[in-house]
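What follows is each chain in one-letter form.
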Amino acid sequence: SLSLVLDEFYNSFAENAVGVSAVTGDGIEDFWRVIRQAAKVDFGDYVEDLKHRIAEQEAKKVAMARLNARKLQRDIDNDQ
C-alpha cells in the first residue's frame, strides 16, 4: 500500500540525510541529489505495484462479467 511505500521512503530518506545551510546554501546540491535518487527508487517501486493492482482489478472485472453472463444464460434457459 501507499503507506508502506511512504514508510520505506522516509526510512531510506533518513539514512541519506544531508545538511544544508540556510545562510550560505552549502549542501543544497547534495540535498537535491539525494531527493532525485530516492524518488527514482521509490517511485519505480510504487508504479510497479500500482500496475500489478490495476491488472488484478481488470482480472476481477473480467471474472465478474463472465460470472454474470453465465447467470444470465442460466436464467434465460430456465425461463424457456
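Conventions used here
Residues numbered from 1 in each chain as written. Predicted model: local features only at pLDDT ≥ 70, side-chain atom pairs only at ≥ 80, totals over all residues. Heavy atoms only, no water. Phe/Tyr/Trp six-rings, centres within 6.5 Å; stacked < 30°, edge-to-face > 60°. Salt bridge = Lys/Arg side-chain N within 4 Å of Asp/Glu carboxyl O. Helix = DSSP H or I, 4+ residues; strand = E, 2+ residues; numbered from the N terminus. Buried < 20%, exposed > 50% of the residue type's maximum accessible area, 1.4 Å probe, protein only. Patch = residues over 30% accessible without salt bridge, like charges linked within 9 Å, V, L, I, M, F, W, Y side chains within 5 Å. Areas by Shrake-Rupley, 256 points an atom, 1.4 Å probe, with all protein chains shown as cover. Lys, Arg positive; Asp, Glu negative; His and termini not counted. Charge placed at Lys NZ, Arg CZ, Asp CG, Glu CD.

(A) Just the packing of aromatic side chains, in detail. Counted under the stated rule, the structure contains one aromatic pair. On the basis of an interplanar angle of 70° and a centroid distance of 5.0 Å, the ring pair of Phe31 and Trp32 is categorised as edge-to-face.

(B) Just the pattern of salt bridges, in detail. Going through the model one piece at a time under the given rule, you end up with three salt bridges. Put simply, Asp49 and Arg53 hold a salt bridge, and the shortest N to O gap is 3.0 Å. With Asp49 and Arg53 both in helix H2 (residues 28-79), this residue pair falls four residues apart, about one helical turn. You can call Asp49 partly exposed: its relative accessible area is 27%. Using a relative accessible area of 34% as the deciding quantity, one classes Arg53 as partly exposed. The residue Glu58 makes a salt bridge to Lys61 at a minimum N-O spacing of 3.8 Å. Of this pair, Glu58 and Lys61 both sit in helix H2, three residues apart, which is roughly one turn of the helix. Judged by relative accessible area, Glu58 falls into the partly exposed class, the value being 41%.

(C) Seen up close, a negative patch on the surface. A cluster of acidic residues, Asp7, Glu8, Glu15, Asp45 and Glu48, forms a negative patch at the surface. For the negative patch, the elements supplying multiple residues, two or more each, are helix H1 (2-15) and H2. Residue contributions to the negative patch peak at three residues, all from H1. Here Glu8 lies in helix H1.

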